[in-house]
Amino acid sequence: MDRAQKEKVVEELGQIFESSGVVVVSHYEGLTVAEMQDLRAQMREAGGSVRVAKNRLAKIALEGQPCASIAGLLTGMTVLAYSEDPVAAAKVVEKYAKENSKLEILGGAMGENELDVAGVKAVAAMPSREELIASIVGCIGAPASNIAGAIGAPASNIASIISTVEDKAAA
């Protein structure tokens, strides 16, 4: 890799560190190509990405970034999982690490906050952005459906009474 390519990688990593809601650092030693592709596919499905980069270049890219505190985690064969959603990458990596013991979570960062392994697991346990939006919409919509049901109930009661009277009159 020549100097221009290295500079490009450092720039790309800098943008990742700057724009991501969460970055999870893991060791991936022993993962097969198929297992790594599976992790990438799961991460893509969740709206995140996986990146393997040289630790030295990643450390250079971390300089001056809010998540610069994770530079100490970049030793050995590391993989970076990241997403704009502050929960998605942590959820996927946590789930994958449970299924495959070759992937070992080292820690990560959420904005300026450094996360240890327990911190990544705690973030993974949180509901995702979409789940939170769905629950809020559900809470907002419930009173409206109750009101609609209460307003519609007398009309249905009257309709059933009229139907009963008609049935008795016909008989």
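Residues numbered from 1 in each chain as written. Predicted model: local features only at pLDDT ≥ 70, side-chain atom pairs only at ≥ 80, totals over all residues. Heavy atoms only, no water.

Peer 1: Can you help me understand the overall build of the protein in this one?
Peer 2: On a plain count of helices and strands, the protein comes out with six helices and five strands. Listing the helices and strands of the protein from first to last along the sequence gives α-β-α-β-α-β-α-β-β-α-α. Put simply, the protein has 171 residues, and 37% of those count as buried. Expressed as a percentage of contacts within the protein between residues at least 6 apart in sequence, the contacts between residues at least 24 apart total 79%. Working note: accessible area of the protein is about 10100 Å², and carbon and sulfur atoms make up 57% of it. (Helix = DSSP H or I, 4+ residues; strand = E, 2+ residues; numbered from the N terminus. Buried < 20%, exposed > 50% of the residue type's maximum accessible area, 1.4 Å probe, protein only. Contact = heavy atoms within 4.5 Å. Areas by Shrake-Rupley, 256 points an atom, 1.4 Å probe, with all protein chains shown as cover.)

Peer 1: Quick question: what am I supposed to make of the sheet that holds strand β2 (residues 48-51) here?
Peer 2: Paired through backbone hydrogen bonds, the strands of a sheet run either parallel or antiparallel to each other. One open sheet accounts for five strands, arranged β2-β3-β1-β4-β5; its pairing is antiparallel. Lying at the two open borders of the sheet, with one neighbouring strand each, are β2 and β5 (113-115). Ignoring strand direction, the axes of neighbouring strands in this sheet form an average angle of 20°. Relative to strand β4 (residues 104-110), strand β1 (residues 22-27) is paired through five bridges, and the arrangement is antiparallel. Opposite Val23, over in β4, you have Ala109 as the bridge partner. Sitting on the sheet, helix α1 (residues 3-19) touches β1, β2 and β3 (78-83), and the angle it makes with β2 is about 145°. Lying over the sheet, helix α4 (residues 88-99) contacts β1, β3 and β4, oriented at roughly 20° with respect to β1. (Pairing = 2+ DSSP bridges. Axes fitted to C-alpha atoms, helices over the stretch in contact; angles between N-to-C directions.)

Peer 1: Looking at this model, I keep getting lost on the nonpolar core. Mind explaining?
Peer 2: Across soluble globular proteins, nonpolar side chains have a tendency to be buried as a group. By size, the foremost hydrophobic cluster in this structure holds 22 residues, and its most contacted members are Val24, Met36, Leu39, Met43, Val93 and Leu103. At the level of elements, β1, α2 (33-45), β3, α4 and α5 (117-125) are the ones that each hand at least two residues to this core. Counting residues per element, this core draws most heavily on α4, which supplies six residues. Beyond its immediate sequence surroundings of up to four residues, Met43 is in contact with Gly48, Ser49, Val50, Ala81, Ala89, Val92 and Val93. Counting residues in hydrophobic clusters, the runner-up holds 20 residues, among them Leu13, Ile70, Leu74 and Ala109. (Core = buried A, V, L, I, M, F, W, Y, C linked by side-chain atoms within 4.5 Å.)

Peer 1: How should I be thinking about the pattern of salt bridges in this particular structure?
Peer 2: Side chains carrying opposite charge are able to pair once their charged atoms draw close together. With the rule as written, the count across this model stands at five salt bridges. Note that Glu99 is salt-bridged to Lys95, the shortest N-O span being 4.0 Å. Remark: Lys95 and Glu99 occur in helix α4; sequence separation between them is four residues, near one turn of the helix. For Lys95, a relative accessible area of 46% corresponds to the partly exposed category. (Salt bridge = Lys/Arg side-chain N within 4 Å of Asp/Glu carboxyl O.)

Peer 1: I'm lost on the side chain of Ser26 in this one. Help?
Peer 2: Here Ser26 lies in strand β1. Note on Ser26: relative accessible area 2%, which makes it buried. Excluding its chain neighbours within four sequence positions, the residues that come into contact with Ser26 are Met77, Thr78, Val79, Val93, Leu103, Glu104, Ile105 and Leu106.

Peer 1: What exactly am I supposed to notice about the packing of α2 against α4 here?
Peer 2: Axis separation between α2 and α4 bottoms out at 10 Å; the angle between their running directions is 145°. For the pair α2 and α4, the crossing hand works out as right-handed. Counting all contacts with α2, which are made through Glu35, Met36, Asp38, Leu39, Gln42 and Met43, the residues of α4 involved are Ala89, Val92, Val93, Lys95, Tyr96 and Glu99. Grouping the constituent residues of the contact of α2 with α4 by class yields seven nonpolar, one polar and four charged. (Left-handed = near helix turned anticlockwise from the far one by under 90°. Nonpolar A, V, L, I, M, F, W, Y, C, P; charged D, E, K, R; others polar.)

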